[in-house]
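One letter stands for each residue in the lines below.
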Amino acid sequence: MTSTGRLDRDGMARLVAADIPRGAFVNLGIGLPTTVANHLSPEGGVTLHTENGMLGMGPEAHGDEVDPDLTNAGKVPVTELPGASYFHHADSFAMMRGGHLDICVLGAYQVSGAGDLANWHTGKPGDIPAVGGAMDLALGAKQTFVMMNLLARDGSPKLVPECTYPLTALGCVSRVYTDLAVFLVEPGRVVVRDVFGTTFTELESLVDLPLVDGT
Amino acid sequence: MTSTGRLDRDGMARLVAADIPRGAFVNLGIGLPTTVANHLSPEGGVTLHTENGMLGMGPEAHGDEVDPDLTNAGKVPVTELPGASYFHHADSFAMMRGGHLDICVLGAYQVSGAGDLANWHTGKPGDIPAVGGAMDLALGAKQTFVMMNLLARDGSPKLVPECTYPLTALGCVSRVYTDLAVFLVEPGRVVVRDVFGTTFTELESLVDLPLVDGT
Amino acid sequence: MTLTMAGDPLEAVAGIEDGSTILVGGFGAAGEPVDLIDALLHSGAKDLTLVSNNAGGGDGGIALLVKERRIRKVVCSFPRQFNSWHFDAAYRAGELALELVPQGNLAERIRAAGAGIGAFYTPTGYGTMLAEGKETREIDGRGHVLEYPIRGDVALVRAHLADELGNLVYRKTARNFGPIMATAAARTIVQVDDILPVGALDPETIVTPCIYVDVVVRVDRHDKVPSDSAGGGQ
Amino acid sequence: MTLTMAGDPLEAVAGIEDGSTILVGGFGAAGEPVDLIDALLHSGAKDLTLVSNNAGGGDGGIALLVKERRIRKVVCSFPRQFNSWHFDAAYRAGELALELVPQGNLAERIRAAGAGIGAFYTPTGYGTMLAEGKETREIDGRGHVLEYPIRGDVALVRAHLADELGNLVYRKTARNFGPIMATAAARTIVQVDDILPVGALDPETIVTPCIYVDVVVRVDRHDKVPSDSAGGGQ
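Residues numbered from 1 in each chain as written. Chains lettered and ligands numbered in written order. Predicted model: local features only at pLDDT ≥ 70, side-chain atom pairs only at ≥ 80, totals over all residues. Heavy atoms only, no water.

Peer 1: Give me the lowdown on the overall build of chain A, citing residues and values where you can.
Peer 2: For chain A, the helix and strand inventory stands at 4 helices and 14 strands. The burial tally for chain A puts 60% of its 215 residues in the buried class. If you take every contact in chain A between residues at least 6 apart in sequence, the share linking residues at least 24 apart comes to 58%. (Helix = DSSP H or I, 4+ residues; strand = E, 2+ residues; numbered from the N terminus. Buried < 20%, exposed > 50% of the residue type's maximum accessible area, 1.4 Å probe, protein only. Contact = heavy atoms within 4.5 Å.)

Printed below as a string of structure tokens:
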């Protein structure tokens, strides 16, 4: 797929949602990944897991629906869909860590060509680290998708030969959805599947990694 | 306590029951230990655990009460008391292995002076071994009581310097209830608490262990 | 990731390959997926490794699989019972391997497989012949044995009710191994007494979330449960 | 082994000693035992080690314990949040130690304490700075880290309902850490919305069996739950 324009956040979320197969069990990380839910239709039969102990999570709650005992991993009030179930934290993380989720979608500071992920800590002195379930999610799901802008604010690429930020997990990322391209992280190579408002040749100049043209 | 006669099985069960403190959570092993339940009164507030997944087990079921989905660890139909709860096998053994039961009562082939227990396998060639939950129970409860006749059929004592049968667990038994005496297994010594139809001196001649008279 | 509703037990177990490791739920008769076991017998699958608390008794179910030499290895805690004549004969003939596992280690190893735990240290079995050859370590002054997960290619589980998504609830002590085995197999096949519409089970009471269930088949109970506790809902 | 019904939260937390390790349930506000935490503050206990998913936010609850320097160490997965100014200040001043633990390792280590597991190998954290100095091992070609149990002297838990024996049920995602923390502490103190007679909770739906509960105190909810789901029973 090629497109005339760079994707905005909503466009990235729509693309990820379209790639989630029917019937999949999915965990959407805090931040940008959460917005993927807006593009999943009830007919698609995708079931959302939230690591604080629920399968079958519904949309954000509003008004009288808000229940202080029912939140997502970002501590935002949510709703319950028919067929939902609740479980405690050890059971919830056993579900993640045991490889039962089909897909998790995470944000990232950096992803390496080998699929290493850095998304929990800037590593700057003075920054207080917080990891939450990021390390469990990255390793636990059958597939880990990352959503991020390809370039950091300073223009440096976030898809890198080797992560310089502290690692979340080694070799866990299988796909990277960015505003400029979708990358498939395969054993020994990174394939560009789609480009948005750019070309494969331009991507090669932006990213300090050998790329394979799969557009 | 001293008594004029050797205890029968019912007498041993009554004695163990009387020693279980109010409010205790208890697991009774298959065979002789199961009969302790007949001497626990509802007023005593003792709660029975069965390792196949229940707390708050009631007496054996009869007639129309029999439910094929409700059995004890010996696969005998039982009943449910008010306030009972059910859980799966990993949770049930976590309860045992995590040290939450106050007392378990087990039968034995042999107990050593150090509290080692042998109760699951004769070790004879050709005998098919079966262990069930014996090893988990012996180690998991806060206190492990053994019930057995002091002498085997061939007249040899079953309280021994060192177990010759295959071990169930090391250093786990704290009390041994027998037809002839109650033994307290303490660090470095074995104390005779009660004798039944015998004397401390006679016990010393029967058992190949140094004993401390605590009668 | 898509649930299959099978029309009968034979359809439910279709495709189980020779040489598979099969986790079979139940503690004695309670929670035993009898119709799935019978269907497995009819399916012809052989060279199986069976993981179950018991190794069959009498002349039905698992005992028939053993009698027909369809099982080459049993991993269990309690094979010997008053009516385990088929197991006893096969074992004594050297035609059936046995890995005897303390019941709590069996449960925890199955849970570990489902929970992504690589291995764990437990005091159970330390210093006994069931720990011979195993790695040990002292932790907080207590001897521990290193135990590894037990995974299945297939789990055969019996639950009380399913909803149409595959969420499960169990009845009383028939719950036993079902919930952990459902998490530990590549394919979990479940026999239930009834199937209810989505939303009929209270989300607070679901024991096995649907993510763990691949195939559901409804089979009427052959046995009788007391009428005051046979209820449809929770 | 005997359940205490406390008259109020202060009575419920009485006797917590300086230097104790306290497991505190909740994920954000859901399941947070707010009244027990306030009572702990009033009790004066100090030099505490806090084990909790978060390290407090705003100017109440755990954040006040941090502000008052009653906690010397926090073991948690997510201390930093938009309103964690008291944590941030204490940590930056070097007056609060932090052991940062991946959330799944935190949950599994607490479960291990309750389940009698000596230690376990997990892939989570392998190759990261959170595994620095920890023992590692390759299992089935995958790197694992050895993790040890986290035990508490006391657990402060919030559940929805208790019966008079101390059996507990929870509400929705407020269940989170409560059931595992209840198993992992020498003394488990539980705040509930209501206490029901024995037999009022369905035995199939009890999440925390009474064996894990030492003290129960009833506290009216301060917050509002939707009327269609505030029900008394299960």
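Peer 1: Which residues make up the pairing of strand β6 (residues 103–106) of chain B, and what values go with them?
Peer 2: All names here are of chain B. The alternating pattern of β6 places I103 and V105 and C104 and L106 on opposite faces, both of which are buried. The pairing of β6 with strand β9 (residues 143–147) spans 4 bridges and is classified as parallel. Within β9, the residue paired with I103 across the bridge is Q143. (Pairing = 2+ DSSP bridges.)

Peer 1: So what's going on with the packing of helix α2 (residues 89–97) of chain B against helix α5 (residues 103–115) of chain C? Residues and values would help.
Peer 2: Running from amino to carboxyl end, α2(B) crosses α5(C) at an angle of 125 degrees, the nearest separation of the two axes being 9 Å. Here α5(C) runs oblique to α2(B), going by the angle between their axes. Pair α2(B) / α5(C) crosses with left-handed handedness. Judged by residue contacts, H89(B), A90(B), F93(B) and R97(B) of α2(B) engage Q103(C), G104(C), N105(C), A107(C), E108(C) and R111(C) from α5(C). (Axes fitted to C-alpha atoms, helices over the stretch in contact; angles between N-to-C directions. Parallel < 35°, antiparallel > 145°, perpendicular 65-115°, else oblique. Left-handed = near helix turned anticlockwise from the far one by under 90°.)

Peer 1: Go over the sheet that holds strand β5 (residues 97–100) of chain C with me, naming the residues and quoting the values.
Peer 2: Read across the sheet, 8 strands follow the order β1-β14-β12-β9-β2-β3-β4-β5 (chain C) without closing on themselves; strand pairing throughout is parallel. Pairing within the sheet leaves two strands with one partner each, and these edge strands are β1 (4–5) and β5 of chain C.

Peer 1: Just give me the short version of the interface of chain C and chain A, but keep the residues and values in it.
Peer 2: The interface is formed by 20 residues belonging to chain C together with 22 residues belonging to chain A. Between chain C and chain A we count 0 salt bridges in total. Between chain C and chain A we count 4 residue pairs in polar contact (both at pLDDT 80 or more) in total. Element by element, the count of residues in the side of chain C that touches chain A is highest for α5(C), at 3 residues. Across the side of chain C that touches chain A, the residue classes break down as 11 nonpolar, 6 polar and 3 charged. (Salt bridge = Lys/Arg side-chain N within 4 Å of Asp/Glu carboxyl O. Polar contact = N/O pair within 3.5 Å; in protein donor to acceptor, adjacent residues only side chain to side chain. Nonpolar A, V, L, I, M, F, W, Y, C, P; charged D, E, K, R; others polar.)

Peer 1: Explain empty space enclosed by the protein to me, using residue names and the numbers behind them.
Peer 2: In this structure the tally under the stated criterion is 7 cavities of 30 Å³ or more. Its boundaries defined by the atoms lining it, the largest cavity holds a volume of some 790 Å³. Along its surface, the largest cavity is lined by 42 residues, and H88(A), D91(A), H88(B), D91(B) and V207(C) are the ones closest to its centre. Elements that contribute at least two residues to the lining of the largest cavity include exactly α2 (89–97) of chain A, α2 of chain B, α5 and α6 (178–184) of chain C together with α5 (103–115) and α6 (178–184) of chain D. The dominant element in the lining of the largest cavity, judged by the number of residues it contributes, is α2(A), at 5 residues. Volume-wise, the second largest cavity comes out at about 70 Å³. (1 Å grid on protein atoms, 1.4 Å probe; cavity = no way out; pocket = protein on both sides within 12 Å on 5 of 7 lines; lining within 4 Å. Points joined across faces, edges and corners; volume = space filled by probe spheres on them.)

Peer 1: Give me the lowdown on α2(B), citing residues and values where you can.
Peer 2: Residue and element names in this part refer to chain B. Most of α2 sits inside the fold, with 8 of its 9 residues counted as buried. Along α2, the residues that are buried comprise H89, A90, S92, F93, A94, M95, M96 and R97. The first or second residue beyond α2 is G99, which carries a positive phi of 80 degrees.

Peer 1: Which residues make up the sheet that holds strand β3 (residues 48–51) of chain D, and what values go with them?
Peer 2: All names here are of chain D. Spatially, β1-β14-β12-β9-β2-β3-β4-β5 is the arrangement adopted by the 8 strands of the open sheet, whose pairing is parallel. Only two strands of the sheet have a single neighbouring strand rather than two, namely β1 (4–5) and β5 (97–100). Bridge analysis of strand β2 (residues 21–24) against β3 gives 3 bridges, and the strand direction is parallel. In the strand pairing of β3, L23 is matched with V51. Of the strands in this sheet, β2, β3, β9 (152–158), β12 (185–192) and β14 (215–218) touch helix α2 (residues 34–43), which is tilted by about 120 degrees from β12.

Peer 1: Please set out the side chain of R109(C) residue by residue, giving values where relevant.
Peer 2: Residues and elements named next belong to chain C. Assignment of secondary structure puts R109 in helix α5. On the basis of relative accessibility, which here comes to 8%, the residue R109 falls in the buried class. Here Y148 takes part through its backbone oxygen, which lies 2.6 Å from a polar atom of the side chain of R109.

Peer 1: Account for the interface of chain A and chain D, with residues named and values stated.
Peer 2: With 41 residues of chain A in contact, the opposing surface of chain D contributes 48 residues. Taken together, the two surfaces of chain A and chain D that pack against each other cover about 3500 Å², and 61% of this comes from carbon and sulfur. Run the count over chain A and chain D and you get 4 salt bridges. Inspection of the region where chain A meets chain D yields 23 residue pairs in polar contact (both at pLDDT 80 or more). Of all the secondary structure elements, the ones that give two or more residues to the side of chain A that touches chain D are β5 (78–86), α2 and α3 (134–140) of chain A. (Buried area = accessible area lost by both parts, 1.4 Å probe.)

Peer 1: Got a sec to walk through helix α4 (residues 85–92) of chain D? Specific residues and values, please.
Peer 2: All of the buried residues along α4(D) are H86(D), F87(D), D88(D) and A90(D). On the buried face of α4(D), the contacting elements are α3 (62–67), β4 (71–76) and β5 of chain D.

Peer 1: Talk me through the packing of aromatic side chains; I want residue IDs and the actual numbers.
Peer 2: For the coordinates displayed, the defined rule picks out 7 aromatic pairs over all chains. Between the aromatic rings of F145(A) and Y177(A), the centroid separation amounts to 5.5 Å while the plane-to-plane angle is 50 degrees, which identifies the pairing as tilted. In this pair, F145(A) is assigned in strand β9 (residues 143–147) and Y177(A) in strand β11 (residues 173–177), connecting sequence segments 32 residues apart. Its relative accessible area of 1% is what places Y177(A) among the buried residues. The ring of F27(D) has K75(A) sitting right over it, with the charged end atom 4.9 Å from the ring centre. (Phe/Tyr/Trp six-rings, centres within 6.5 Å; stacked < 30°, edge-to-face > 60°. Lys NZ or Arg CZ within 6 Å of the ring centre and 35° of its normal.)

Peer 1: Help me get a handle on the confidence of the model for chain C, residues and values and all.
Peer 2: Residues and elements named next belong to chain C. Counting all residues, the mean pLDDT for chain C is 95, and 97% of those residues have values of 70 or more. Note on residues 230–234: pLDDT under 50 across the span, and 11 contacts to partners over four residues away in sequence or across chains. Here the prediction assigns the complex a pTM of 0.97, and the interface score ipTM is 0.97. (pLDDT = per-residue confidence, 0-100.)

Peer 1: Any details on the environment of V217(C)? Residues and values, ideally.
Peer 2: Residue and element names in this part refer to chain C. With respect to the helices, strands and loops of the structure, V217 is situated in strand β14 (residues 215–218). When its relative accessible area of 0% is taken as the criterion, V217 is described as buried. Taking the C-alpha atoms as reference points, V217 and M5, separated by 212 residues in sequence, lie 6.0 Å from one another. Residue contacts for V217: discarding those within four places in its chain leaves A6, G7, D8, P9, A12, L36, V190, Q191 and V192.

Peer 1: Residues and numbers for the environment of Y109(A), please.
Peer 2: Residues and elements named next belong to chain A. Position of Y109 relative to the elements: it lies in the loop between β6 (103–106) and β7 (110–112). The spacing of Y109 and E162 is 53 residues in sequence and 12 Å in space, taken between C-alpha atoms. Not counting the four nearest positions on each side in its chain, Y109 is found in contact with A118, N119, W120, H121, T122, K158 and Y165.

Peer 1: Which residues make up unusual backbone geometry, and what values do they have?
Peer 2: All names here are of chain D. Here the phi dihedral of D140 falls at roughly 50 degrees; this positive angle occurs in a residue that is not glycine. In this fold, D140 is placed in the loop between β7 (136–139) and β8 (142–147). Overall, the relative accessible area of 72% leaves D140 in the exposed class.

Peer 1: How would you explain the side chain of D193(D) if you had to name every residue and give the values?
Peer 2: Residues and elements named next belong to chain D. Mapped onto the fold, D193 is located in the loop between β12 and β13 (194–196). Judged by its relative accessible area of 12%, D193 falls in the buried class. Polar side-chain contacts of D193 include one of 3.2 Å to the side chain of R221. Beyond its immediate chain neighbours, meaning those up to four positions away, D193 contacts R158, A159, H160, R218, V219 and R221.

Peer 1: Break down the pattern of salt bridges for me, with residues and values.
Peer 2: Following the criterion strictly, the structure yields 52 salt bridges over all chains and no others. Two residues, R193(A) and D19(A), come together in a salt bridge whose shortest N-O distance is 2.8 Å. Highlighted residues: R193(A) in strand β13 (residues 189–196) and D19(A) in helix α1 (residues 9–19), separated in sequence by 174 residues. Here D19(A) falls in the partly exposed class, since its relative accessible area comes to 22%. Between K142(B) and D102(B) there is a salt bridge whose closest N-O contact spans 3.4 Å.

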